[in-house]
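Coordinate analysis (summary)
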Amino acid sequence: MDTPRKKYIVANWKMNFTTGEASLYLDKLSKRIQPSRKVQVVLAPSTISLQPLSLQINRRQFKLSAQNFYWREYGAYTGEVALSQIRGFVDYAIVGHSERRYVFNESEEDIAQKVAAAIRSNITPILCIGETALDRKEGETAAAIYSQLTSGLHQVSKEDISKVIIAYEPVWAISSNKNAKPAKPIDIIEAERIIRKHIAKLYGKEAAEEISVLYGGSVNKDTAPAYLQLEGIDGLLIGNASLIADQFCAIVEIAKGV
Ligand code: PEP
C-alpha cells in the first residue's frame, strides 16, 4: 500500500459521565493529548454531552462521535435524536454496536438505514460488526461477518464506501459481556482479512485496501501495542479503558508511535 492509512483511536464512553463530568474529563484529556496528523482521536460521549463538548473541544485535537441516533430526519419518534439535530456537533457516528444490536434489538435494516443516513449527512459511520461466542463456537465467524457487512452496507454505493469505517468487535471480547476475554491478534487478523475480502467482493480491490478497519474489545494500554502493530488494523475502539485518563492517553501515545 502506498500511503499508510491514518490511525483512529475512538473512545466509546457509553452511558457514563454527567455533562459536567464529561466536560472535566475532556479538559483533562486535552491537557495530555497533543494534536497529531497520524492519529485521529474521536470521543463518543452520551448524546446529552455532544452540544456542550462541541463548544469546548479543539477540533484539531479531537473529533466527536455520536453513540447512536435515529435515521429519519424528524417526526413522531419519541425519545430519539435525529442526525439533523446533532449534525453540527459530530463528525462520526457509531452504528450497529453490539449493545444496540443485542440489548436494544436493533435490526439489520435499521443499521443499514443508519449507515446510509450518516453518509447523507456527511458524518462518517463507524459500522461495528462481529460474531457472538456461539457463532465462533459453531465455526460461523466468517458467515456472521459476511452477513453483517452485506446487510449493513447494502445501501452504500461504490462512490461512498470510502466514507465508512468498519470496527471489528467480536461480541465475546467486549468487556460488558460475562466472561469477556480480549481477542488474540491472530483472531483479529483473520477477521480483518475476511472483512477486506468481502469488501473487495462487494466494492472492488481498491475499496478493500482503502477502507479503515478498527478493532474493539477489552483493549487496554498493555494490550494496545500488539493490536496497533497488526498490519491492516487502523486503530482501536475502546470502551472501559477510555474512561480512565491514564489508560486512554497511554493508548493514544502508543498509536502515535506505531
Ligand atoms: C465497546 O463497547 O465498543 C468496547 C470495545 O468496549 P470495551 O473496550 O470495554 O470492551
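That block above? That's the structure.
Residues numbered from 1 in each chain as written. Predicted model: local features only at pLDDT ≥ 70, side-chain atom pairs only at ≥ 80, totals over all residues. Heavy atoms only, no water.

1. Observations regarding the overall build of the protein chain
Within the protein chain one finds 11 helices and eight strands. Against the 2.2 N^0.38 benchmark of 18 Å for 258 residues, the protein chain shows a C-alpha radius of gyration of 17 Å, consistent with a compact globule. Counting only C-alpha atoms, the protein chain reaches 45 × 45 × 40 Å along its principal axes. The burial tally for the protein chain puts 52% of its 258 residues in the buried class. The long-range share in the protein chain, meaning contacts at least 24 apart out of those at least 6 apart in sequence, stands at 72%. About 12,300 Å² of surface is accessible on the protein chain, with carbon and sulfur atoms providing 51% of the total. In the protein chain, 32 side chains carry a positive charge and 29 a negative one; their mean positions are 4 Å apart. (Helix = DSSP H or I, 4+ residues; strand = E, 2+ residues; numbered from the N terminus. Rg over C-alpha atoms; globule rule 2.2 N^0.38 Å. Buried < 20%, exposed > 50% of the residue type's maximum accessible area, 1.4 Å probe, protein only. Contact = heavy atoms within 4.5 Å. Areas by Shrake-Rupley, 256 points an atom, 1.4 Å probe, with all protein chains shown as cover. Lys, Arg positive; Asp, Glu negative; His and termini not counted. Charge placed at Lys NZ, Arg CZ, Asp CG, Glu CD.)

2. Points about the packing of aromatic side chains
Applying the stated criterion to the full structure yields eight aromatic pairs. Taken together, a centroid distance of 6.1 Å and an interplanar angle of 75 degrees make the contact between Tyr 8 and Tyr 92 edge-to-face. Here the residue Tyr 8 occupies a position in strand β1 (residues 7–12), and Tyr 92 occupies one in strand β4 (residues 92–95), the gap between them amounting to 84 residues. Considered together, Tyr 8 and Tyr 92 belong to a single accessibility category, that of buried residues. An angle of 55 degrees between the planes, with centres 5.0 Å apart, marks the rings of Tyr 70 and Tyr 77 as tilted. The class for Tyr 77 is partly exposed, based on a relative accessible area of 33%. Within the aromatic cluster, the residues linked to one another by ring pairs are Trp 13, Phe 17 and Tyr 25. A cation over a ring is seen here: Arg 100 above Phe 104, with NZ or CZ 4.3 Å from the ring centre. Above the face of the Tyr 146 ring, Lys 201 is positioned so that its terminal group lies 5.8 Å from the ring centre. (Phe/Tyr/Trp six-rings, centres within 6.5 Å; stacked < 30°, edge-to-face > 60°. Lys NZ or Arg CZ within 6 Å of the ring centre and 35° of its normal.)

3. What about the nonpolar core?
Formed by 71 residues in total, the largest nonpolar core has its most connected members in Ile 9, Leu 29, Leu 43, Leu 153, Tyr 215, Leu 236 and Phe 248. Looking at this core element by element, the count peaks at seven residues for helix α8 (residues 185–203). With residues near it in sequence (within four places) discarded, Leu 43 still touches Ala 11, Trp 13, Leu 26, Leu 29, Phe 62, Lys 63, Leu 64, Ser 65 and Phe 248. If you look at the next biggest cluster of nonpolar residues, it comprises 12 residues, including Tyr 8, Val 10, Cys 128 and Ala 167. (Core = buried A, V, L, I, M, F, W, Y, C linked by side-chain atoms within 4.5 Å.)

4. What about the pairing of strand β8 (residues 235–238)?
Neither face of β8 is exposed, since Gly 235 and Leu 237 on one face and Leu 236 and Ile 238 on the opposite face are all buried. Alignment of β1 against β8, held across four bridges, turns out to be parallel. Within β8, the residue paired with Tyr 8 across the bridge is Gly 235. (Pairing = 2+ DSSP bridges.)

5. Concerning the pattern of salt bridges
With the rule as written, the count across this model stands at 16 salt bridges. Notably, a salt bridge pairs Glu 108 with Arg 101, separated by 3.2 Å at the nearest N-O pair. On the accessibility criterion, Glu 108 (30% relative accessible area) is partly exposed. Across the pair Lys 256 and Glu 253 runs a salt bridge, and its minimum N-O distance is 3.4 Å. Taken together, the residues span about one helical turn, with Lys 256 and Glu 253 both in helix α11 (residues 245–257) at a distance of three residues. Ionic contacts of the salt-bridge type, sharing partners, join the residues Arg 5, Glu 192, Arg 196 and Asp 234 into one network. (Salt bridge = Lys/Arg side-chain N within 4 Å of Asp/Glu carboxyl O.)

From the geometry alone we can't say anything about function, so treat these as descriptive.
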